[in-house]
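A look at the structure
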Amino acid sequence: MNKKENRISARQAAERAAIRDEQNRRLEDAATNSTKGVLKELRTTLCGLDTEAVSKSRAQYGSNKVTHEKKKSLAKRLIDAFVNPFTAILFCLALVSTITDMIFPYFSLFDSTPEDFDCLTVVIILTMVIISGTLRFVQESRSGNAAEKLLAMITTTCTVTRKNQEKTKIPMDELVVGDIVHLSAGDMIPADVRILESKDLFISQASLTGESEPVEKTPNVSEEKESVTDYTNIAFMGSNVVSGSATAVAVCVGDHTLFGSMASAVAGEAVETSFTKGVNAVSWVLIRFMLVMVPLVFFINGLTKGDWLDAFLFGISIAVGLTPEMLPMIVTTCLAKGAVSMSKKQTIVKNLNSIQNFGAIDILCTDKTGTLTQDQVVLEYHLNVNGEDDNRVLRHAYLNSYFQTGYKNLMDLAIIRKTEEAEAEDPRLVDLSEHYMKVDEIPFDFIRRRLTTVVQDKGGKTQMVTKGAVEEMAGVA
């Protein structure tokens, strides 16, 4: 690394340190001050920001965008595709062959004749390099474009309150410091926020702190802590709500969040794969071999035969013979074939060299999500304690799933869908959402491990419906 790169790295490190210090200060102030003081400091209210205040906040604190790896320019992608130690060897050999096999004979220099003109070696070398580089460039460009299209289809939103508006969903990128954010089970925290109100709020921040268990967050003013992650009234971008609900105010956004500072620190060039290291190692072996063999052959041949030009040309031919010109094209073709095979399995490979890493995998562990299934649960049976189909069980399951305010998981959606399908067969299941009203709710938490809703019908009858795992429900029966 040269001095200029060192200066740039030092400056970037200083800028990141300044951002972290400012971020920690703002989070500490928010955590140790009362709700009123925090809102006053951020120039907002529980009613949210108006349009002018949103613009001012964005201008002062920036947008809620996290720095990520920038898309490579066309020139950079071309360089990456065509320039590496192996192709550098081939380019050098092509240049030398051009001089010895084409320029010298063409101008009849050094006892050469026009009959000695031969461009076959140069054509073969350049053809191999061009085919290999073009194949790599085209394949990686197509993969990169496909990945960008997939990312463009993903929209992440959050629920906020702004003046003269009810709760509304906005793209996460549009969130600004001072926005009033509403959180419920299943939501991802859109920024570093100060909890203002909460009800049985548990947040998983394992991705940031490594804590395996969800952490309870409350709006209570906290004492000063050694680490910002210890504050129980601060929730961080990148964590998610496991259970409960809350209202919070955005304190830090974008790169000024804890998650953003981590992301910007790792954004940059990808780690070199073992395959790339191997290819480069082979290239340097060839280079060292040439640096030894070519001068040795040149001097031995020149001293024994006395024809130094012929010895030089013979030495160059040794260098050409040592280099497997077809290797780049063969390797790239095999990798591209692997990428095409992966694409048929709905997998995008952005870097061809990663194909070798796939092949080196012995065990691949992955989380089974909706990507691998239909992302849908189907309710087949609703049985009573006697093991018989019972629409009364379905009705109570619906009242619990429909009226809960938290995240409706796949099971809740399956219960609601099944109830709507069964309305035609049982009139008691028709329009349950209109015949009942919600009275209260106890959200799911990791102590009770149950979710309870209290509902009342139009006749004044009040019922409490609790849902949980079999062992939990049996334990309180």
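Heads up: the structure comes first, above all this text.
The structure reproduced in this document is the subject of the present report. Along each chain, residues carry numbers from 1 onward, in the same order as the chain's sequence is written. Note on the predicted model: pLDDT of at least 70 is required for a residue's local features to be given, and 80 or more for side-chain atom pairs to be given and counted; whole-chain, interface and lining totals, by contrast, use all residues. For the side-chain quantities, the full set of heavy atoms in the structure was used; hydrogens and water were omitted.

Examining a nonpolar patch on the surface
Patches here are clusters of residues that have more than 30% relative accessible area and form no salt bridge, with a 9 Å joining cutoff for like charges and a 5 Å cutoff for nonpolar side chains (Val, Leu, Ile, Met, Phe, Trp, Tyr). Per-residue and other accessible areas follow the Shrake-Rupley method at a 1.4 Å probe size, with only the shown protein chains counted as cover for residues. Between Lys or Arg on one side and Asp or Glu on the other, a salt bridge is scored when a side-chain nitrogen of the former is within 4 Å of a carboxyl oxygen of the latter. On the surface, a cluster of nonpolar side chains totalling about 250 Å² of accessible area is made up of Phe91, Leu126 and Ile130. Relative to the elements of secondary structure, Leu126 occurs in helix α6 (residues 120–152). In DSSP terms, a helix is any run of H or I states spanning at least four residues, a strand is any run of E spanning at least two, and both are numbered starting from the N terminus.

Comments concerning the sheet that holds strand β10 (residues 462–468)
The antiparallel open sheet is built from 3 strands, whose spatial order is β8-β9-β10. Because the sheet does not close on itself, it has two edges, and the strands there are β8 (436–442) and β10. Looking at each pair of strands side by side, their axes are set apart by 25 degrees on average, direction ignored. Strands were regarded as paired on the criterion that DSSP finds at least two bridges between them. Relative to strand β9 (residues 450–457), β8 is paired through 6 bridges, and the arrangement is antiparallel. When the sheet's bridge partners are listed, Tyr436 is paired in β9 with Asp457. In this description, contact between two residues means that some pair of their heavy atoms is separated by no more than 4.5 Å. Note on definitions: angles span 0 to 180 degrees between N-to-C directions of axes, and those axes are lines fitted to C-alpha atoms, for helices only across the stretch in contact. Against the sheet, helix α13 (residues 391–403) engages β8, β9 and β10, with an angle of about 105 degrees to β9.

A look at the pairing of strand β1 (residues 157–161)
Here the term buried applies to any residue with accessible area under 20% of the maximum for its type, exposed to any over 50%, and partly exposed to those in between, with areas from a 1.4 Å probe on protein chains only. A large share of β1 lies buried, amounting to 4 of its 5 residues. In this structure, the hairpin formed by β1 and strand β2 (residues 168–171) is closed by a connection of 6 residues, where Asn164 is found at a positive phi of approximately 65 degrees. Where β1 meets strand β3 (residues 180–184), 3 bridges bridge the pair, whose relative direction is antiparallel. Within β3, the position partnered with Val160 by the bridge is Val181.

Some remarks on the packing of helix α9 (residues 274–305) against helix α10 (residues 308–322)
The interhelical angle for the contact between α9 and α10, taken along N-to-C directions, is 155 degrees, at an axis separation of 8 Å. With respect to their mutual orientation, α9 and α10 come out roughly antiparallel. Judged by the sense of rotation from one axis to the other, the crossing of α9 with α10 is right-handed. Residues Leu286, Phe289, Met290, Met293, Val294, Val297, Phe298, Phe299, Asn301, Gly302 and Leu303 of α9 touch α10, and the partners they reach there are Trp308, Asp310, Ala311, Phe312, Phe314, Gly315, Ile318, Ala319 and Leu322. When residues are grouped by polarity, Ala, Val, Leu, Ile, Met, Phe, Trp, Tyr, Cys and Pro land in nonpolar, Asp, Glu, Lys and Arg in charged, and all others, Gly among them, in polar. Taken together, the residues that form the contact of α9 with α10 break down as 16 nonpolar, 3 polar and 1 charged. Orientation is classified from the angle alone, with under 35 degrees giving roughly parallel, over 145 giving roughly antiparallel, 65 to 115 giving roughly perpendicular, and any other angle giving oblique. Rotating anticlockwise by less than a right angle from the far helix to the near helix defines a left-handed crossing, while the corresponding clockwise rotation defines a right-handed one.

Side note on the pattern of salt bridges
Counted according to the given criterion, the structure contains 9 salt bridges. Between Glu441 and Lys438 there is a salt bridge; the shortest N-O distance is 2.4 Å. Taking the relative accessible area as the measure of exposure, Lys438 reaches 27% and is therefore partly exposed. Between Glu472 and Arg449 there is a salt bridge; the shortest N-O distance is 3.2 Å.

Considering the side chain of Thr419
The topology assignment puts Thr419 in helix α14 (residues 410–422). Thr419 has contacts with Leu394, Tyr398, Leu429 and Leu432, leaving out every residue within four places of it along the chain.

A few points about the packing of aromatic side chains
Each Phe, Tyr or Trp ring (for Trp, its six-membered ring) is paired with any other whose centre lies within 6.5 Å, and the angle between the two planes then decides the class: stacked below 30 degrees, edge-to-face above 60, tilted in between. Taken as a whole and assessed by the stated rule, the structure comprises 3 aromatic pairs. Measuring from centroid to centroid gives 5.3 Å for Tyr398 and Tyr402, while their planes differ by 10 degrees, and the two rings are stacked. On the criterion of helical spacing, the pair formed by Tyr398 and Tyr402 is a turn pair, its members being 4 residues apart in helix α13. Assessed through its relative accessible area of 34%, Tyr402 is described here as partly exposed.

Observations regarding α10
Given a helix with a known number of residues, its expected span is that number minus one, times 1.5 Å. Relative to the 21 Å expected for 15 residues at 1.5 Å per residue, α10 spans 21 Å between its end C-alpha atoms, a close match to the ideal helical length. Taken residue by residue, α10 has Ala311, Gly315, Ile316, Ala319 and Val320 as its buried positions.

Concerning the nonpolar core
By convention a nonpolar core is built from buried Ala, Val, Leu, Ile, Met, Phe, Trp, Tyr and Cys residues, the set being connected through side-chain atoms within 4.5 Å. The biggest cluster of nonpolar side chains holds 36 residues, and the ones touching the most others in it are Leu175 and Val193. Contributions of two or more residues to this core are made by α1 (3–32), α2 (35–41), β1, β3, β4 (192–204), β6 (234–235) and β7 (240–252). Per-element tally for this core: the top contributor is β7, with 7 residues. Among all residues touching Val193, those that are not within four sequence positions of it are Asn233, Ile234, Ala235, Ala248, Val249, Ala250 and Val251. Counting residues in hydrophobic clusters, the runner-up holds 13 residues, among them Ile89, Leu93, Val129 and Ala319.

A short note on α14
When the terminal C-alpha atoms of α14 are compared, their 18 Å separation across 13 residues agrees well with the 18 Å that a helix rising 1.5 Å per residue should span. Where α14 is concerned, the buried positions are Asp412, Ala414, Ile415, Ile416, Thr419 and Ala422. Looking at the buried positions of α14, the neighbouring elements they touch are α13, α15 (432–435) and β10.

Section: the packing of α13 against α14
Interhelical geometry of α13 versus α14 gives an angle of 130 degrees and a closest axis separation of 9 Å. Accordingly, the angle class assigned to the pair α13 and α14 is oblique. Classified by chirality, the crossing of α14 by α13 is left-handed. Of the residues in α14, those touching α13 at Leu394, Ala397, Tyr398, Ser401 and Tyr402 are Asp412, Ile415, Ile416, Lys418, Thr419 and Ala422. Along the lines of polarity and charge, the residues of the contact of α13 with α14 split into 7 nonpolar, 2 polar and 2 charged.

Notes on the side chain of Thr247
Along the polypeptide, Thr247 turns up in strand β7. Every residue in contact with Thr247, bar those within four places of it in the chain, is listed here: Ile180, Val181, His182, Arg194, Ile195, Leu196 and Glu197.

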